[in-house]
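Given next are the chains, with one letter for each unit.
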Amino acid sequence: MSAASTQVKPSQTRGGLNPTLDGNIYTIGIKLVVLMLLNAFLLILSYTFFYDGNVGLGIVFLLITILIDAVIFVPALSAIRWMAPGLALIIFLVLYPIVYTVSTAFTNYGDGHLFTKDQAIRLIDDRQYVPDDAITYNWEAYQNESGDYGLWLTRETDDGLEAVFARVGQEIEIVDNPPEEVPADYDGFVQLDRAGRTQALTALSNTVFGEGEDTAQILNRREVARPLAQRYVYDDSADTFTDQSVGTVYVADNETGAFVAQNNANDQLTPGYRVNIGLDNFTRLINDRGLSGPLVDIFVWTVLFALLSVFTTFAAGLFMAMVMNDPGVPFRKILRSLLIIPYAIPGVIGILVWRGMLNQNLGIITNAIADSFINTRIPWFTDPVWAKIAIILVNLWLGYPYMMLICSGALSAIPSDIYEAAAVDGATPTQRFWRITLPLLLVTVGPLLVASFAFNFNNYLMIELLTRGDPPIAGSPVPAGYTDILISYTYGLAFGSDRGADYGYASAITIIIFGIVAGITLLQYRFTKAWEETGENV
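Now for a look at the structure at hand.

Criteria and thresholds
Residues numbered from 1 in each chain as written. Predicted model: local features only at pLDDT ≥ 70, side-chain atom pairs only at ≥ 80, totals over all residues. Heavy atoms only, no water. Salt bridge = Lys/Arg side-chain N within 4 Å of Asp/Glu carboxyl O. Helix = DSSP H or I, 4+ residues; strand = E, 2+ residues; numbered from the N terminus. Buried < 20%, exposed > 50% of the residue type's maximum accessible area, 1.4 Å probe, protein only. Axes fitted to C-alpha atoms, helices over the stretch in contact; angles between N-to-C directions. Parallel < 35°, antiparallel > 145°, perpendicular 65-115°, else oblique. Left-handed = near helix turned anticlockwise from the far one by under 90°. Contact = heavy atoms within 4.5 Å. Nonpolar A, V, L, I, M, F, W, Y, C, P; charged D, E, K, R; others polar. Pairing = 2+ DSSP bridges.

A closer look at the pattern of salt bridges
It is possible for side chains bearing opposite charge to pair when their charged atoms get close.
Right, on to step 1. Scanning all chains against the criterion turns up eight salt bridges.
Right, on to step 2. Glu-140 is the partner of Arg-197 in a salt bridge, and the nearest nitrogen-oxygen pair spans 3.1 Å. You can see Arg-197 sitting in helix H7 (residues 194-199) and its partner Glu-140 sitting in strand S2 (residues 135-143), a full 57 residues away along the chain. When sorted by exposure, Arg-197 lands in the same class as Glu-140, which is buried.
Right, on to step 3. A single network of salt bridges, built from pairs that share partners, joins Arg-167, Glu-173 and Asp-187.

So this is what it looks like as structure tokens:
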């Protein structure tokens, strides 16, 4: 065999970045530059998250960087090269939220405990106070073209008028031979008028002027104190803070995530910090009757809401599909198109329209029922029972078109020979429906019914837009309503609670919701398997 015949052609080899194999060297160079820039960007993000104490996101972006490099440089992984962006998104948008939610459920993460311990120490350490021997000045506000603020500070002394000018991050400047009148401008700063001073008062009050140990801060509309002193001093060896103003010592309690006064457990520094509390959120859910009471009612209603939604939409959809499949119905195509309209209208718009129509005072439906049937107006949103009926009614209107579409397709797939044979055997229409139509239909639509149950179990949009969970449950220690489902109740705990956000407790409930939905779904799939066996025997 000749030497030429033993050479391997470039097209016959597989490799990642060899220019003699993959083509033009300039193209390879551009790819390498793009890859290096992407790696640099992802690594900077990872470092930033690690530095800020967000270890989870730092690890995520580090894994994404390794994944991208691996599929490019490892020949064995070249087959999934085009899947790399999707895998990266799965890691970032699916796996990380799951891991983060589970980990949060075992912490005290929430209002008052939003930071890591190091972050909380830095925030407390930065606080200053006005010592008893501090000097007070009258002040006037100034601002330069860059938007930076400055203060003209004056006070009367035995030696006459003393004036200084204070900037942010710079030493306070002593003004020699100050004028009796406050100057209109000073060193590039222009005095603010009364309106500008009023608008800037909040920003000025939260700003520390000066640098180092010589700092000044506004006390009120007329006075400024100088110098300020550090209020809380941290002792790393003892893990304590000492309040310089009163001498109180605060000891770190790593079980609750707070610095607690030695002689008063109710006296704690804010903010606290995140700590692992084990199963406390779960035991709190079980042992606190004030919390578990509303939760039990909400859980029962959630399951009932999901089941009734599936049953009513499926029953209405199947009925309309069977009617529309009858060749004797006139204008079938037009009617079928009209029946699909609720499915074509965005759900947000449909729910808000229904909310208006069910308004107790001005709603069209409420007025029509009051004028035609009864002499009183139905309290759709103030009575617990009627509010739940309203939710089922609106969800039926939104959901039956989808069920009608899938049932129409499933019905058309059933062979007509089966019905003809049943009719010859003397089966009535009712028997044909229960013995033939429904079993064969459930074989096709069974998994979709399971998916519909899971969707309605977490149908937050319906609850939030129609009733907002109202009417409220009297005596509940946390915001909860009779029409709340688990997901809206959890959202209220995490983001909408008047008592503040409680992310750890909400995450614990989220895990429970996941377990419930997973268990019910598995149980329902066992029923769908039974439906398949029934369908095979038809």
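Examining the packing of helix H3 (residues 25-51) against helix H4 (residues 55-73)
Right, on to step 1. It is at 7 Å that the axes of H3 and H4 come closest, and there the two elements cross at 160°. One way to sum up the angle between H3 and H4 is to call them roughly antiparallel. Helix-helix and strand crossings are classified by hand; for H3 and H4 the assignment is left-handed. In this structure, H3 uses Leu-35, Leu-38, Asn-39, Leu-42, Leu-43, Leu-45, Ser-46, Phe-49 and Phe-50 to contact H4, whose residues at the interface are Val-55, Leu-57, Gly-58, Ile-59, Phe-61, Leu-62, Ile-64, Thr-65, Ile-68, Asp-69, Ile-72 and Phe-73.
Right, on to step 2. Residues of the contact of H3 with H4, tallied by class, amount to 16 nonpolar, four polar and one charged.

Focus: the pairing of strand S3 (residues 149-157)
Right, on to step 1. One ladder, built from six bridges, connects S2 with S3; its direction is antiparallel. Residue pairing across strands places Gln-143 opposite Tyr-149, the latter belonging to S3.
Right, on to step 2. The hairpin formed by S2 and S3 contains five residues between the paired strands, and Gly-147 there has a positive phi angle of roughly 90°.
Right, on to step 3. Relative to strand S4 (residues 160-167), S3 runs antiparallel, the two being bridged by eight bridges. Bridge pairing links Thr-157 to Gly-160 in S4.
Right, on to step 4. Counting the residues between successive antiparallel strands, the hairpin from S3 to S4 contains two residues.

Examining the packing of H4 against helix H5 (residues 84-104)
Right, on to step 1. For the pair H4 and H5, interaxial distance at closest approach is 10 Å and the crossing angle is 165°. In this view, H4 runs roughly antiparallel relative to H5, as classed from their interaxial angle. H5 is crossed by H4, and the crossing has right-handed handedness. Across from Gly-56, Leu-57, Val-60, Phe-61, Ile-64, Leu-67 and Val-71 in H4, the residues of H5 making contact are Ala-84, Leu-87, Ala-88, Ile-91, Phe-92 and Tyr-96.
Right, on to step 2. Residues of the contact of H4 with H5, tallied by class, amount to 12 nonpolar, one polar and no charged.

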